[in-house]
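Now for the letters of each chain:
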Amino acid sequence: MAGLDPKPGDALLIGGAANPEFRNGQILLRVIRAEATQLGRVWLYGYEINTRGTASRKRQVHAFRAGLRRAEIRMLRPELRKGHK
């Protein structure tokens with residue numbers, strides 16, 4: 001079964017094709033560990049990334065490799081963040 005082979009440091013977009021839990025939305029995950037399980041599936045451990053490009057909470061997700069999509073995380077420089085002085 002084709003799909004991504006996630007590695008630590010990867011940024012992944014996880015939606016309904018990867019896990020039915022996310023059929024009504026998606027999350028952006030920065031991978032810290034990935035463990036293959038059944039054929040074509042993987043446990044992903046990492047941090048959910050918010051709209052500001054920073055880690056918002058630790059997550060673990062069981063996903064179909066074929067449904068994973070690579071993403072790019074753009075971190076804002078501290079001086080550009082709202083309210084930073």
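In this report, the structure presented in the accompanying data block is examined. Worth saying up front: this structure is predicted, and the values here are computed from it rather than measured. (Residues numbered from 1 in each chain as written. Predicted model: local features only at pLDDT ≥ 70, side-chain atom pairs only at ≥ 80, totals over all residues. Heavy atoms only, no water.)

**Some details on the pairing of strand 4 (residues 55-64)**
One ladder, built from 9 bridges, connects strand 3 (residues 41-49) with strand 4; its direction is antiparallel. In the strand pairing of strand 4, Gly46 is matched with Arg59. Joining the antiparallel neighbours strand 3 and strand 4 is a turn of 5 residues, in which Gly53 adopts a positive phi near 85 degrees. (Pairing = 2+ DSSP bridges. Helix = DSSP H or I, 4+ residues; strand = E, 2+ residues; numbered from the N terminus.)

**What to know about the pattern of salt bridges**
By the definition in use, this model includes 6 salt bridges. The partner of Arg33 in a salt bridge is Glu35, with the nearest N and O atoms 3.0 Å apart. Owing to a relative accessible area of 42%, Arg33 belongs among the partly exposed residues under this scheme. Across the pair Glu48 and Arg59 runs a salt bridge, and its minimum N-O distance is 2.8 Å. Of this pair, Glu48 sits in strand 3 while Arg59 sits in strand 4, and the two are 11 residues apart along the sequence. Accessibility assignment for this pair places Glu48 and Arg59 in one class, buried. One continuous salt-bridge network, built from bridges that share partners, spans Glu21, Glu48, Arg57 and Arg59. (Salt bridge = Lys/Arg side-chain N within 4 Å of Asp/Glu carboxyl O. Buried < 20%, exposed > 50% of the residue type's maximum accessible area, 1.4 Å probe, protein only.)

**As for the sheet that holds strand 4**
Strand order in the open sheet formed by 5 strands is 4-3-2-1-5, and the pairing between neighbours is antiparallel. Edge strands, defined here as strands with exactly one partner in the open sheet, are strand 4 and strand 5 (69-70). By the bridge criterion, 2 bridges tie strand 1 (residues 11-14) to strand 5 in an arrangement that is antiparallel. For Leu12, the partnering residue across the bridge sits in strand 5 and is Arg70.

**Structural notes on the side chain of Arg59**
In this structure Arg59 comes out as buried when scored by relative accessible area, which is 13%. Once residues within four sequence positions are removed from consideration, Arg59 is found in contact with Glu21, Phe22, Ile27, Leu29, Leu44, Tyr45, Gly46 and Glu48. (Contact = heavy atoms within 4.5 Å.)

**Remarks on the side chain of Asp10**
When you line up the elements, Asp10 lands in the segment before strand 1. The buried category is assigned to Asp10, whose relative accessible area is 17%. At a separation of 3.0 Å, a polar atom in the side chain of Asp10 contacts the side chain of Arg70. Setting aside residues up to four positions removed in sequence, Asp10 forms contacts with Asp5, Leu29, Arg30, Val31 and Arg70. (Polar contact = N/O pair within 3.5 Å; in protein donor to acceptor, adjacent residues only side chain to side chain.)

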